[in-house]
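Reading the structure
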Amino acid sequence: MGDLSITGATLAITFGAILLALIGLIYLMRNVYQSRTEKGIAGEYTEDADKDGSYIENRAKYERVDVFGLSSTFFNFGLALAVGLSLLAFAWTQYEAEIIIPEGALELEEEIEMEPPRTAEPPPPPPPPPPPVIEEVPEEELIEEDPPEFEDTSIDEESVMNEPPPEVKEDKAPPPPPPPPPPPPKPDVEEIFKVVENMPMFPGCEDLGSYAEQKQCADKKMLEFIYGNIKYPAIARENGVEGMAVVSFVVEQDGTVTDATVVRNPGAKTGEEALRVVQLMNEKGIKWVPGQQGGRAVRVQFNLPVKFQLE
């Protein structure tokens, strides 16, 4: 027996055709037997019965409308149909979609430099001040004043000294309020590393032996996920746009992906599509194996190149 394999679409079409054929056969035989029953009741088969006398001897009163006359034929037909459907069910084959990964998918042509985001353009510098205006100051006339009169303050033995009145001390002012407490310290933000001892890896290969084997397997699974979910933008396909988009993101200590942004965009919605696939990891609950530095999990920046290449 040859290798029989059919796709799910072909199997569904075949089942639909068989179902329609069965429904049509049922309605056809129903109409045939209904017509024969009406003729038998009307006495159209009486003459034939009088000639050979077979209708009296047979089980059915009207042999031509006997529903058991084709029972063996229907049984064989049903048996053949069941065997055929079983063969079709066993021949149903699911084909995995072929994922095409371009060569050098993880190779960056040059180092990606991250630029700080610009919220707004700085305002222009203020114009220089106008030069000072020099005005002529009129000469002032000197007015001679009378010399001050000097008062004799010397004292002798007969002079009487009056004691100055005592100073009345006023109530002291209330003490100033205490200074406000210092502002709370800023929360410590974990440093983001670019290169660590063990770089973060896509999940699914933790059971392998060495770190090199795990890294190679993880890179393969990551590329299969990226190029298995990416959809070439229609505008890029129509205009023949190809190139490499680069998405930068941070792999957190718990393996989630944050701060994803496009740092290189070939245009025509390619960068946006690469960013969508990266953000799809969190939506599907995929958590990376976090990077390790000094035996502890740290935050690591990861630059992912995504190649758009028309076939």
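Residues numbered from 1 in each chain as written. Predicted model: local features only at pLDDT ≥ 70, side-chain atom pairs only at ≥ 80, totals over all residues. Heavy atoms only, no water.

1. Let's talk about helix H5 (residues 211-229)
Rules: Secondary structure follows DSSP: runs of H or I at least 4 residues long count as helices, runs of E at least 2 residues long count as strands, and numbering of each begins at the N terminus. To estimate how far a helix should reach, multiply one less than its number of residues by 1.5 Å. The buried label applies to any residue whose accessible area, calculated with a 1.4 Å probe on protein chains only, is under 20% of its type's maximum; exposed applies above 50%, and partly exposed to all values in between.
The first and last C-alpha atoms of H5 sit 27 Å apart over 19 residues, in line with the 27 Å expected at 1.5 Å per residue. Turning to H5, its buried residues are Gln214, Ala218, Asp219, Met222, Leu223, Phe225, Ile226 and Tyr227.

2. Here's the deal with the pairing of strand S2 (residues 243-251)
Along any regular strand the residues' side chains alternate between the sheet's two faces. For the record, the criterion: By this definition, two strands are paired if DSSP reports at least two bridges between them.
Counted residue by residue, S2 has eight buried out of nine residues, so it is predominantly covered. Here nine bridges tie S2 to strand S5 (residues 296-308), and the two strands are oriented antiparallel to one another. Within S5, the residue paired with Val247 across the bridge is Leu304. Note that S2 and strand S3 (residues 257-264) share five bridges and pair antiparallel. The residue of S3 that forms the bridge with Ser248 is Thr261. Between S2 and S3, which pair antiparallel and follow one another directly, the connecting turn spans five residues, one of which, Gly255, has a positive phi of 90°.

3. A word on the confidence of the model for the protein
Rule in force here: Think of pLDDT as the predictor's per-residue confidence, scored from 0 to 100. The criterion used for residue contact is that any of the two residues' heavy atoms lie within 4.5 Å.
Looking at the protein, the pLDDT average stands at 76 and 68% of residues meet or exceed 70. Per-element averaging of pLDDT across the protein places helix H3 (residues 54-57) at the bottom with 45 and helix H7 (residues 270-283) at the top with 92. Note that residues 53-59 has pLDDT below 50 and, in this model, twelve contacts with residues that lie over four places away or in other chains. Across residues 115-120 the pLDDT falls below 50, and counting only partners more than four positions away or on other chains, this stretch makes zero contacts in the model.

4. Side note on a nonpolar patch on the surface
What counts is decided by this rule: Exposure above 30% relative accessible area and the lack of any salt bridge qualify a residue for a patch; like charges then connect within 9 Å, and the nonpolar side chains Val, Leu, Ile, Met, Phe, Trp and Tyr within 5 Å. Surface accessibility follows the Shrake-Rupley procedure with a 1.4 Å probe radius. Residue values consider only the protein chains on display as shielding. For salt bridges, the criterion is a side-chain nitrogen of Lys or Arg within 4 Å of an Asp or Glu carboxyl oxygen.
A cluster of nonpolar side chains, contributed by Leu19, Leu20, Ile23 and Tyr27, occupies part of the molecular surface with about 440 Å² of accessible area. Relative to the elements of secondary structure, Tyr27 occurs in helix H1 (residues 8-42).

5. Considering the side chain of Thr270
To keep it simple, the criterion reads: Under the rule applied, a polar contact is a pair of N or O atoms within 3.5 Å (in protein, one hydrogen donor and one hydrogen acceptor; residues adjacent in sequence only if both atoms are side-chain atoms).
Here Thr270 lies in helix H7. Reaching out from Thr270, the side chain makes a polar contact with the side chain of Asn265 at a distance of 3.5 Å. Setting aside anything within four residues of it in sequence, one finds Thr270 in contact with Pro233, Ala236, Ala245, Asn265 and Phe308.

6. Regarding the packing of aromatic side chains
For the record, the criterion: Only the six-membered ring of Trp is used, alongside the rings of Phe and Tyr, when aromatic pairs are assigned; centres must lie within 6.5 Å, and planes under 30 degrees apart are stacked while those over 60 apart are edge-to-face, with the rest tilted.
Inspection of every chain in the model, using the stated rule, returns six aromatic pairs. Ring geometry for Phe202 and Trp288: centres 5.8 Å apart, planes at 80°, overall edge-to-face. Placement of Phe202 in the loop between strand S1 (192-193) and H5 and of Trp288 in the loop between H7 and strand S4 (291-293) is noted, with a sequence separation of 86 residues between them. A residue is classified by how much of its surface remains accessible, and Phe202, at 8% relative accessible area, is buried. A ring pair is formed by Tyr232 and Phe308, whose centres lie 5.6 Å apart and whose planes are at 90°; its orientation type is edge-to-face. In this pair, Tyr232 is assigned in the loop between H5 and helix H6 (234-238) and Phe308 in strand S5, connecting sequence segments 76 residues apart. Ring pairing ties together the aromatic residues Phe202, Phe225, Phe249, Trp288 and Phe302, which thus form one cluster.

7. Quick look at helix H4 (residues 71-91)
Under the convention used in this document: Working definition: the arc comes from the directions between the helix axis and the C-beta atoms, pointing outward to the latter.
Taking 1.5 Å as the rise per residue, H4 with 21 residues should run 30 Å; its terminal C-alpha atoms sit 30 Å apart, in good agreement. Buried within H4 we find Leu81, Leu88 and Ala91. Each buried residue of H4 lies within a common arc of 85° when the element is viewed along its axis, so the set occupies one face. Turned more than 90 degrees off the buried face of H4, the exposed positions are Phe75 and Phe90.

8. Considerations on the packing of H5 against H7
Inclusion rule: Between the N-to-C directions of two axes lies an angle of 0 to 180 degrees, each axis being a line fitted to C-alpha atoms and, for a helix, fitted only over the stretch in contact. Working definition: roughly parallel below 35 degrees, roughly antiparallel above 145 degrees, roughly perpendicular at 65 to 115 degrees, and oblique for all remaining angles. Crossing handedness follows the turn of the near helix against the far one: under a right angle anticlockwise gives a left-handed crossing, and clockwise gives a right-handed one. Gly is put with the polar residues, along with every residue not named as nonpolar or charged; the nonpolar set is Ala, Val, Leu, Ile, Met, Phe, Trp, Tyr, Cys and Pro, and the charged set is Asp, Glu, Lys and Arg.
Between H5 and H7, whose axes approach to 10 Å, the crossing angle comes to 125°. Here H7 runs oblique to H5, going by the angle between their axes. For the pair H5 and H7, the sense of crossing is right-handed. Note on element contacts: H7 touches H5 through Glu273, Arg276, Val277, Leu280 and Met281, opposite Phe225, Ile226 and Asn229. A breakdown of the residues in the contact of H5 with H7 according to their chemical character gives five nonpolar, one polar and two charged.

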